[in-house]
Amino acid sequence: MCGVAGFTHLGNAFQSDRIQQAVASLTHRGPDQQGCWQSPTISLGATRLRVIDTAAGTQPMCSDDYEYVVVFNGELYNHVELRHELVRHGHSFKTSCDTEVLLRAFIQWDTACLEKLRGMFAFAVRRESRHRLVLVRDRVGMKPLYYARQGPNIYFGSEMKAIFCHPEVGRSLDPDALDTYMGLNYIPGPNTMVQGISKLMPGSSLTWQDGCVTVNRYWRLRRHVTNSARLEDSKQQLHHLLTGSVKEHLVADVPVGLWLSGGLDSSTVLHYATQHSATRLKTFSITFNGREFDETRYIREIADRYATEHYELDLNPRTAGADAITEFAYYADEPNADAGAVPVWHLSRMSARGVTVALSGEGADELFGGYLTYRADAYAQYARILPRSLRCLSLRYANKLKASDKKIGFEYKVQRFLQGTLMDARSSHVFWNGTFSRPQRDELMVSPHGSRMQRLLSTMPASGDVRRFMAFDQDYYLPDNILAKVDRMSMAHSLEVRPPFLDHRIIEFAATLPAHHCIQGRRLKVLLRELMRDKLPQSVLAKKKHGLDIPVHDWLRGHLKPLLLDTLSRKAVVESGLFYWPQIESILDRHMQRKANYGYHLWGLMMLFLWMKQWNIQPHQDLPALKECSAASN
């Protein structure tokens, strides 16, 4: 696992220290080795966290004739079988690492090798004689890759901070991306919050050749192909796929552990991992002792059942202070309004003390229908049968309920659900996972933009079953929120996290499932639950889903209140020119007085302002006019 960076310099004065600065900014991703490679037209760099063949595999890695050079972030889980195939083609190997397998696969098959790769990766390959650079990102987007273009040149890196090393790349905020962030809590690709910097989309490659750039998709998931197999047959197929995937994900030359939440997904991974681990597994968990969503009981039951070497950290105001949160702005690269970053940060730090690699359960909810929002999508169909006036009246009464300090209290669920039923089905789905509705953004933002959000919503069919919502979450919510959060928080502590559910063969299998194999009434993840019925305790199979998150409403009224009020001060808001201060002030007051729970809304705003301050992001070129508008609203 590594960080990669690079840039071209056609027609520019060559600055040899630039690539060293970019690599230095990514050292947390690969503290074991850093290296650079430079030619008259291109510079490449990498930082390495040694996982496979710790004694070799130095990067950047060149072919014997220096025609090819590669920088590689990730893991190839099928590198052994690819190695055997390449040997049959006449290749010989100097190392046992997967980086050399990737290099020689590219030499043998060029971009056709991408169809053969199985794993999580983002890499760049330079071919000298053709003056060609190829950037590639894995099928699901488990590993990040950013790029920016300036004239004929391209700049790229595993994190945006590697691109920020180039002063010629601007730091102007993208207003369309801001609008989607305020609605979704994340920025869906290919956009980023910075104008001119893009994400290479999952399953895509980018080719730069003498200043010309082309982007291609090498993998597209075929959806809505209904699998007519019986549930029992689907169970057997999923069992076979999970067995192979988890076995491959355990391969490493360093200690491997597992993130255990006590829920179905991580417990499933642990069950299969114990079948293939030759040593006692280490498990790591976050608890919330005394809170209604604490899952300590289930965590310990599973840890005891599989006899793991178990470690826990209880998150509370004493252990999860403001200091770590301010660090997010540096490591997150982009603002992420998901408060679940807090437990993932602390879980990663704890895990890194005992292991270098951790398996996790990410992806199961999106693939097999595990989110409560899918249940809300179904219920809303019936609620919309009622007259709109009745739903509005119900919402008016629900808004009078006293705000609780629970993570997601009854009153919060009712208010959000009723508000969502007043929207069309596509808008309500993203609203339940997000924060500010379209009317709220129009009132709050000085210069609202909605074109990007409308284009995103249009990717969902206007009618259909739950699979249309699952497809949207797989395309955007999974890579740009869940996986981005896990990657940044874990790599900040030099920890590699591997999600076995996201083997592309499992993803392709899940895409063929009929809706009733995912959700039946109140039952979520029907197929996965049935598969594990005779394998996991009934208590785990029947437990409510809570998710790894903090009680953000409560904490922002408590020990995090000083950080919140200092970050969202009148001065900071007005000078940003992005939002009307009276609206921000009203949200703050209503939250603090328990008239409503705006914890998730305020968390997203707080992370946005911390990020802008950290990276000196300029709102946009019309900032003076926007300041004037904002000041006039006071």
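Residues numbered from 1 in each chain as written. Predicted model: local features only at pLDDT ≥ 70, side-chain atom pairs only at ≥ 80, totals over all residues. Heavy atoms only, no water.

Attention now goes to the overall build of the protein chain. Summing up its helical and strand segments, the protein chain has 27 helices and 19 strands in all. With the principal axes as the frame, the protein chain shows a C-alpha extent of 75 × 65 × 45 Å. In the protein chain, which comprises 634 residues, the proportion classed as buried is 63%. Taking contacts inside the protein chain between residues at least 6 apart in sequence as the whole, the part at least 24 apart equals 74%. Where the 77 positive side-chain charges of the protein chain centre and where its 66 negative ones centre are 5 Å apart. (Helix = DSSP H or I, 4+ residues; strand = E, 2+ residues; numbered from the N terminus. Buried < 20%, exposed > 50% of the residue type's maximum accessible area, 1.4 Å probe, protein only. Contact = heavy atoms within 4.5 Å. Lys, Arg positive; Asp, Glu negative; His and termini not counted. Charge placed at Lys NZ, Arg CZ, Asp CG, Glu CD.)

The 6 strands lie next to each other as E4-E5-E6-E7-E11-E12, forming an open sheet whose pairing is antiparallel. Each edge of the open sheet is held by one strand with a lone partner, namely strand E4 (61–62) and strand E12 (212–217). Of the strand pairs in this sheet, strand E7 (residues 132–137) and strand E11 (residues 204–209) are connected by 5 bridges, and their pairing is antiparallel. In the strand pairing of E11, Leu133 is matched with Trp208. Packing against the sheet, helix H3 (residues 98–109) makes contact with E4, strand E5 (68–76), strand E6 (119–127) and E7, and its axis sits at approximately 125 degrees to E5. (Pairing = 2+ DSSP bridges. Axes fitted to C-alpha atoms, helices over the stretch in contact; angles between N-to-C directions.)

Among the surface-exposed residues, Lys406, Lys413, Arg522 and Lys544 lie close enough to one another that they form a single positively charged patch. With respect to the element layout, Arg522 can be found in the loop between strand E18 (519–520) and strand E19 (523–524). Overall, the relative accessible area of 58% leaves Arg522 in the exposed class. (Patch = residues over 30% accessible without salt bridge, like charges linked within 9 Å, V, L, I, M, F, W, Y side chains within 5 Å. Areas by Shrake-Rupley, 256 points an atom, 1.4 Å probe, with all protein chains shown as cover. Salt bridge = Lys/Arg side-chain N within 4 Å of Asp/Glu carboxyl O.)

With that settled, consider the environment of Gln209. Mapped onto the secondary structure, Gln209 falls in strand E11. Since its relative accessible area comes to 33%, Gln209 is described here as partly exposed. Once the C-alpha coordinates of Gln209 and Arg130 are considered, the two residues, 79 residues apart in sequence, prove to be 7.5 Å apart. Excluding residues within four positions of it along the chain, Gln209 makes contact with Arg130, His131 and Arg132. Reaching out from Gln209, the side chain makes a polar contact with the backbone oxygen of Arg130 at a distance of 2.9 Å. (Polar contact = N/O pair within 3.5 Å; in protein donor to acceptor, adjacent residues only side chain to side chain.)

Turning our attention to a nonpolar patch on the surface. On the surface, Leu386, Leu390, Leu393 and Tyr397 cluster together to form a nonpolar patch covering roughly 370 Å² of accessible area. Summarising the element assignment, Leu390 is placed in helix H13 (residues 388–398).

Bringing the side chain of His591 into the picture now. Among the secondary structure elements, His591 is positioned in helix H25 (residues 581–592). Not counting chain neighbours up to four residues away, the residues in contact with His591 comprise His553, Leu556, Arg557, Ala596, Asn597, Tyr598, Gly599 and Leu602.

Here strand E9 (residues 153–157) lies mainly inside the structure; 5 of its 5 residues are buried. As paired elements, strand E1 (residues 2–8) and E9 share 3 bridges and run antiparallel to each other. If you follow Phe7 over to E9, its bridge partner there is Tyr155. In this sheet, E9 lies alongside strand E8 (residues 146–150) in antiparallel orientation, the contact comprising 5 bridges. Directly across from Arg149, in E9, lies its bridge partner Ile154. The loop that links E8 with its antiparallel partner E9 comprises 2 residues; one of these, Gly151, has a positive phi angle of about 60 degrees.

With that settled, the discussion passes to helix H5 (residues 175–184). Most of H5 sits inside the fold, with 10 of its 10 residues counted as buried. Of the surrounding elements, those touching the buried residues of H5 are helix H15 (425–433), helix H16 (438–444), helix H17 (451–458) and helix H26 (599–615). In this structure Asp174 caps H5, since a side-chain oxygen of it lies 2.9 Å from the backbone nitrogen of Asp176. Of the residues flanking the end of H5, it is Asn185, one or two places downstream, whose phi is positive at about 85 degrees.

The subject of this paragraph is the sheet that holds strand E17 (residues 496–498). Spatially, E15-E14-E13-E16-E17 is the arrangement adopted by the 5 strands of the open sheet, whose pairing is parallel. Unpaired on one side and paired on the other, strand E15 (309–314) and E17 mark the two borders of the sheet. For this sheet, the mean angle separating the axes of adjacent strands, direction not counted, is 30 degrees. Looking at chain direction, strand E13 (residues 256–259) and strand E16 (residues 357–359) are connected through 3 bridges and run parallel. The residue of E16 that forms the bridge with Gly257 is Ala358. Across the sheet, helix H7 (residues 264–276) lies against E13, strand E14 (282–287) and E16, angled at about 150 degrees from E13, the strand it touches most.

On to the pattern of salt bridges, then. Considering all chains together, one arrives at 42 salt bridges under this definition. Its salt-bridge partner being Arg18, residue Glu168 comes within 3.2 Å of it at the nearest N-O pair. Of this pair, Glu168 sits in the loop between helix H4 (160–164) and H5 while Arg18 sits in helix H1 (residues 17–24), and the two are 150 residues apart along the sequence. Taking relative accessible area as the criterion, Glu168 reaches 32% and is therefore assigned partly exposed.

Of note, the bond from Gln59 into Pro60 is cis; its omega dihedral lies within 30 degrees of zero at -5 degrees. Mapping Pro60 onto the fold places it in the loop between strand E3 (42–48) and E4. Residue Pro190 follows Gly189 across a cis peptide bond; omega there is 5 degrees. Summarising the element assignment, Pro190 is placed in the loop between H5 and strand E10 (197–199). In this structure, Asp210 takes a positive phi of about 50 degrees despite not being glycine.

Looking now at the state of the cysteines. Across all of its chains, the model carries 0 disulfides by this definition. Just so you know, Cys2 is unpaired, no disulfide at all, and the nearest cysteine sulfur is the one on Cys97, 9.5 Å from it. Cysteine Cys113 remains unbridged, with the sulfur of Cys97 as its closest cysteine sulfur at 15 Å. (Disulfide = S-S within 2.5 Å.)

A word on the packing of aromatic side chains. Note on aromatic pairs: each is described by the distance of the centres and the angle between the planes. Applying the stated criterion across every chain, the model contains 18 aromatic pairs. Centre to centre, the rings of Phe328 and Trp345 are 5.2 Å apart; their planes meet at 55 degrees, and the pair counts as tilted. With Phe328 in helix H9 (residues 322–331) and Trp345 in helix H10 (residues 341–352), this pair connects stretches of sequence that are 17 residues apart. The structure contains a cluster of three or more aromatic residues connected by ring pairs, namely Phe164, Phe328, Tyr330, Tyr331, Trp345 and Trp615. The ring centre of Phe93 lies 4.5 Å from the NZ or CZ of Arg83, which sits over that ring. Note that Lys543 overlies the ring of Tyr298, its terminal NZ or CZ placed 5.3 Å from the centroid. (Phe/Tyr/Trp six-rings, centres within 6.5 Å; stacked < 30°, edge-to-face > 60°. Lys NZ or Arg CZ within 6 Å of the ring centre and 35° of its normal.)

Here we come to the environment of Arg130. Looking at where Arg130 falls in the secondary structure, it is placed in the loop between E6 and E7. Arg130 sits 222 residues away from Ala352 along the chain, and the two C-alpha atoms are 42 Å apart.

Put simply, the protein chain has an average pLDDT of 92, and 96% of its residues get 70 or more. In this model, residues 623–634 is a region of pLDDT below 50 whose contacts with residues beyond four sequence positions or in other chains number 26 contacts. (pLDDT = per-residue confidence, 0-100.)

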